[in-house]
Amino acid sequence: MARQTIIIDNSEYSRNGDFQPNRYQQEIDCSDYFVRNLKNSSGNAHTAIIAGAGDTPYVVLADAETSAIYHKQLYIKGKLNILTSIEISLLTSPEEIILFHCSPITDTLKQDPEYKNKLIKLLKKLKKNNITLEVINFGEIDANTELWESIIQETGDAGSDSIKLMNFMPEGGNLLWEQINDYKQRLIFNGEEGGANEFMEFGGIDPSMDPELAMALRMSLEEEQQRQARLREDNN
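Note that the structure is a prediction, hence the values are computed from the model and not measured.

### Side note on the confidence of the model for the protein
Inference 1: Put simply, the protein has an average pLDDT of 85, and 79% of its residues get 70 or more.
Inference 2: Element-level mean pLDDT values for the protein span from 64 in helix H7 (residues 211–235) up to 98 in strand S4 (residues 96–101).

Given below as structure tokens:
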């Protein structure tokens, strides 16, 4: 069974509208995209979704179905707690953890100078258990990129795939999931990444194996893209 856990940054910073209509909605759309992609690439797939901010992180969906996240009420509140969110993620037995990070970590580091060391220790535990961490760093990349790069170095993960850091800025009105997809496509083109993501534009299905299904999934993704574009226009 393919298993992934998604951590949503539903902190106060997710209200920011630099990613239209706001960072939070982009995370929700991306989360559904990841759920859809894993289910398309593996018939026996499991995705848990965690709200990482608020009074305490909690599991929103223990086994998310496609579009299910749109029917859950998440509250935008407080600060992202990366440590606790990842610890809760481990209870879902994931092969991969996808962490959305759109809030600056500087305040947390001021309150707890040992936070970085605690995070490094936890990430070493992930690596030891063959769990990958994919960090989608957007919105506050000036505040967070240097920290994540330092953590990757100190975790001893530089050059490996245990921790994948992806940095995104608002880009010509493109949806965040489109930017993620383009980024991964470039990795594949450069021979840096393969597997299920190789056919992300076809929903993870190899068109040479099942052309009708692959084309149907591609059309579905294009329709979703058009739907999101209409939503953006309605919110402007």
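Still more ground to cover, so stick around.
### With respect to the packing of aromatic side chains
Inference 1: On inspection of all chains with the given rule, the structure shows six aromatic pairs.
Inference 2: Relative to phenylalanine 138, the ring of phenylalanine 19 has its centre 5.1 Å away and its plane inclined at 90°; by these criteria the two rings are edge-to-face. One end of the pair, phenylalanine 19, is in the loop between strand S1 (2–8) and helix H1 (23–41); the other, phenylalanine 138, is in strand S5 (residues 132–138), with 119 residues separating them in the sequence.
Inference 3: Taking relative accessible area as the criterion, phenylalanine 138 reaches 0% and is therefore assigned buried.
Inference 4: Here phenylalanine 100 and phenylalanine 138 contribute two aromatic rings whose centre-to-centre distance is 6.5 Å and whose plane-to-plane angle is 85°, an arrangement assigned as edge-to-face. Placement of phenylalanine 100 in strand S4 and of phenylalanine 138 in strand S5 is noted, with a sequence separation of 38 residues between them. With respect to burial, phenylalanine 100 and phenylalanine 138 carry one shared label: buried.
Inference 5: One aromatic cluster is present, built from ring pairs that chain together Phe19, Tyr33, Phe34, Phe100, Phe138 and Trp177.

### A few points about helix H5 (residues 141–154)
Inference 1: Compared with the 20 Å implied by 1.5 Å per residue over 14 residues, the 19 Å span of H5 between its first and last C-alpha is a close match.
Inference 2: Every buried residue belonging to H5 is among Ile141, Asn144, Thr145, Leu147, Trp148, Ile151 and Ile152, and all of these are buried.
Inference 3: Looking at the buried side of H5, the elements it contacts are helix H2 (82–90), S4, helix H3 (106–111), helix H4 (115–128), S5 and strand S6 (163–168).

### A word on the environment of asparagine 117
Inference 1: Mapped onto the secondary structure, asparagine 117 falls in helix H4.
Inference 2: Considered as a pair, asparagine 117 and threonine 155 are 38 residues apart in the sequence and their alpha carbons are 9.7 Å apart.

### What about the sheet that holds strand S2 (residues 45–51)?
Inference 1: Read from one edge to the other, the open sheet built from six strands follows the order S3-S2-S1-S4-S5-S6, with strand pairing classed as mixed. With one partner strand each, in any of the chains shown, strand S3 (58–61) and S6 form the two edges of the open sheet. The mean inter-strand angle of the sheet, taken between neighbouring strand axes irrespective of direction, is 20°.
Inference 2: Bridge count between S1 and S4: four bridges; the pairing is parallel. Note on S4: the bridge partner recorded for isoleucine 6 is isoleucine 98.
Inference 3: The sheet contacts of H1 involve S1, S2, S4 and S5, and relative to S1 the element is tilted by about 180°.

Criteria and thresholds
Residues numbered from 1 in each chain as written. Predicted model: local features only at pLDDT ≥ 70, side-chain atom pairs only at ≥ 80, totals over all residues. Heavy atoms only, no water. pLDDT = per-residue confidence, 0-100. Helix = DSSP H or I, 4+ residues; strand = E, 2+ residues; numbered from the N terminus. Phe/Tyr/Trp six-rings, centres within 6.5 Å; stacked < 30°, edge-to-face > 60°. Buried < 20%, exposed > 50% of the residue type's maximum accessible area, 1.4 Å probe, protein only. Expected span 1.5 Å × (residues − 1). Contact = heavy atoms within 4.5 Å. Pairing = 2+ DSSP bridges. Axes fitted to C-alpha atoms, helices over the stretch in contact; angles between N-to-C directions.

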